[in-house]
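These are the residues of each chain, in order.
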Amino acid sequence: MALQPGVAHHTGSLQRRMLLIAFGWISILLLGGGIALDRTLTGLVTRNFDEQLGYMLTAMVTTAEIGPDGEVFFNRSLGDQRFQEPNSGLYWQISGQGHEDFASRSLWDRTLKLTGDHVDTQPHIYDSKQFDGEPMRLIERSVILPGSSTLWQFSVAASRGEIDAQIRRIRSILIWSFLVLGIGLVAMASLQTYYGLSPLRRVRRAIAQMREGGVSRVDEPLPLEVQPLVLELNALIDHSIRQAEEARTHAGNLAHALKTPLTVVMNAATARSDDLADTVIREAAVMRRQVDHHLARARAVGRRATGMARAKVWDSADAVQRAVERLYPKVRFDIDGNRDAQVGIERQDLDEILGNLIENAAKYGGGSVFITVDGNPADPAFCEIWVEDDGMGIPEDARERLFTRGARLDTGKPGTGLGLAIVRDVAELYGGSIGISESEDLGGLQATLSLPRAKPGK
C-alpha cells in the first residue's frame, strides 16, 4: 500500500503495547496467586475444623463403655455445651447393629444417616446435606469396644455455617487485597511506562526544534539505551548537512565555471566581433566540459548516498580495456592481479574512473599499458589499482597540476583537461584517493587508485 503524503503511518502505540503486556502479566499472576492462596487458606481452615471434629470423635471413643445391658454409654460427659442444645449445629451419634442409636441431645428427634455399611478403622470425613438448609461436615469411625462384639459407628457432625463464614471472610479479604494490589501494580506499570518512554518524547521535541531551525543536533544527555539512536540520528543529520553543503558548493562551482565563458560570449556579441562564431564554439566547448564534470560529480554523490555500492574491479577494468583498445589498436594492454577484488563504489563510476586512467595511459604512453588489480592485497581496508604506461613520464613537481581542472601538460593532443580532476573528485566522494608516481616496471607514469573494499555479506 502506497503511503499518502502528510499521513502518519504506524504499527501502533509502543506505550499501549507495553501497558497491555504489563496488564496481561499482572492479571495472570494475580489470578494464579489468588487461586493458589485461596486454596491454601481454605484448606487450612477446613483442616483446622476437621481436627476439632477429630478431637471430639477421639474423646467419644475414649469415654465410651458398654453397660450391663450391652448398650454403650459415656463414663463422663463431653465438654462442649452445644451437644446439649437442640439443633445447635454440633451433634454426635453412636450406632450399632441390633442396638438403638445413642445420640446427643442436640439432634433432638433427628438421626445422622451414615454413608452405609462399611468399616472405617480410621476417621472418615466428608460433607453431608442430609439436613435441609444445614450443610454439615461429618466424621465417622468404626470401633469395637471392650466387652462387646458389636461394631459401633461413632460419628460427629458440625454445621458448615461457621467454616463457610470464615472462608467467605478470607475470600473477601483476598479479593479486596488483590484488587488494591492490582490497581497499584497497574498504576506503577503506567508510571514506569510513561517515565521509561520519556527520553523518546525528548528526542521528538529535539527533532521538532531542529525542524523549526533552533538547533542542528540532539545534544542533551539521554539514557544508554536511547543514546545509540541519538548518535545514529546525529550522524544522519551530519550526513544530510554535508550533502546539502556539497550541493551548494557544487552549484556555486558550476555557476562560477560558466560565468566566465558566458561573459566572453556576451562581450563578443555586444561588440559584434568578427570572430563571434569561433568565440561561441570555443566557449561552448568550455561550458560543456564544465557541465560534464559537474554532472559526473553529481551522479557520484547521488549514488554514494545509497550506501550499498559494490563493483568487481576486474570486470570493470576488462570492459574498459576492450573499449579503449578500439580507440588505440596499436597499444598493448595487460591486466593482472586479484580477479575477485570488490570495491565499495558503483560500477558506472568505477568504469568512468578507470576509463579516464586507462585512456590517458594509452594516449600519452609509449604503446604499453599495464593494469594491476589489488596491487597491495595486504591492506584490508583499501584496494589499490595500478595503471602504468611506458611513456616519457612527468616531472615530480608537475604531477600535482594534473589534478587541476582544465590543466593539460601536453596540448598537442586533444582533450579537456578534466579527466584526472573527475577521477580525484569521484574517488574522494567514495572515501578513496588517487596518486601519480613513476612506474618502476615500465618507466612511465603509474596512477595508483585506492578505493575502499566492499563490505562482506552484502
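Scroll up a little and you will see the structure.
A brief structural summary. Just so we're clear, the structure is a prediction, and the values are computed from it rather than from any experiment.

### What to know about the packing of helix α1 (residues 14-63) against helix α2 (residues 161-196)
Pairs of packed helices are described in terms of their axes, by the angle between the two and the distance that separates them.
Next, step 1: At their nearest, the axes of α1 and α2 sit 9 Å apart, and the two run at 160° to each other. One way to sum up the angle between α1 and α2 is to call them roughly antiparallel. Between α1 and α2 lies a crossing whose hand is right-handed.
Next, step 2: Its residues assigned to classes, the contact of α1 with α2 comprises 19 nonpolar, nine polar and two charged.

### Some thoughts on the sheet that holds strand β4 (residues 102-103)
Next, step 1: On the basis of which strands lie adjacent, the open sheet formed by five strands has the order β4-β3-β7-β6-β5 and antiparallel pairing. Because the sheet does not close on itself, it has two edges, and the strands there are β4 and β5 (124-128).
Next, step 2: Of the pairings in the sheet, the one linking β5 to strand β6 (residues 136-144) comprises five bridges and is antiparallel in character. Residue Ile125 lies in a different strand from β6, and its bridge partner there is Ile139.

### Topic: helix α3 (residues 198-211)
Next, step 1: For α3, with 14 residues, the first-to-last C-alpha span of 20 Å sits near the 20 Å given by 1.5 Å per residue.
Next, step 2: Along α3, the residues that are buried comprise Ser198, Pro199, Arg201, Val203, Ala206, Ala208 and Met210.

### A short note on the pattern of salt bridges
Pairing between side chains becomes possible if they bear opposite charge and their charged atoms approach one another.
Next, step 1: On inspection of all chains with the given rule, the structure shows 12 salt bridges.
Next, step 2: Here Asp38 and Arg171 are joined by a salt bridge, their closest N and O atoms 2.8 Å apart. With Asp38 in helix α1 and Arg171 in helix α2, this residue pair connects regions lying 133 residues apart in the sequence.
Next, step 3: For Asp38, a relative accessible area of 15% translates into the label buried.
Next, step 4: Residue Arg82 pairs with Asp80 through a salt bridge whose shortest N-O separation is 2.8 Å.

### Focus on the nonpolar core
Next, step 1: In terms of nonpolar packing, the biggest core is built from 39 residues, with Leu357 and Leu449 touching the most fellow members.
Next, step 2: If you list the elements that add at least two residues to this core, you get α6 (313-327), β9 (332-337), α7 (347-364), β11 (368-373), β12 (382-389), α8 (419-429), β13 (433-438) and β14 (445-452).
Next, step 3: Every residue in contact with Leu449, bar those within four places of it in the chain, is listed here: Ile353, Leu354, Leu357, Cys383, Glu384, Ile385, Ala427, Ser433 and Ile434.
Next, step 4: Formed by 27 residues, the second largest nonpolar core is a distinct cluster that contains Val61, Leu78, Leu145 and Ile163.

Thresholds, definitions, all that
- Residues numbered from 1 in each chain as written.
- Predicted model: local features only at pLDDT ≥ 70, side-chain atom pairs only at ≥ 80, totals over all residues.
- Heavy atoms only, no water.
- Axes fitted to C-alpha atoms, helices over the stretch in contact; angles between N-to-C directions.
- Helix = DSSP H or I, 4+ residues; strand = E, 2+ residues; numbered from the N terminus.
- Parallel < 35°, antiparallel > 145°, perpendicular 65-115°, else oblique.
- Left-handed = near helix turned anticlockwise from the far one by under 90°.
- Nonpolar A, V, L, I, M, F, W, Y, C, P; charged D, E, K, R; others polar.
- Pairing = 2+ DSSP bridges.
- Expected span 1.5 Å × (residues − 1).
- Buried < 20%, exposed > 50% of the residue type's maximum accessible area, 1.4 Å probe, protein only.
- Salt bridge = Lys/Arg side-chain N within 4 Å of Asp/Glu carboxyl O.
- Core = buried A, V, L, I, M, F, W, Y, C linked by side-chain atoms within 4.5 Å.
- Contact = heavy atoms within 4.5 Å.

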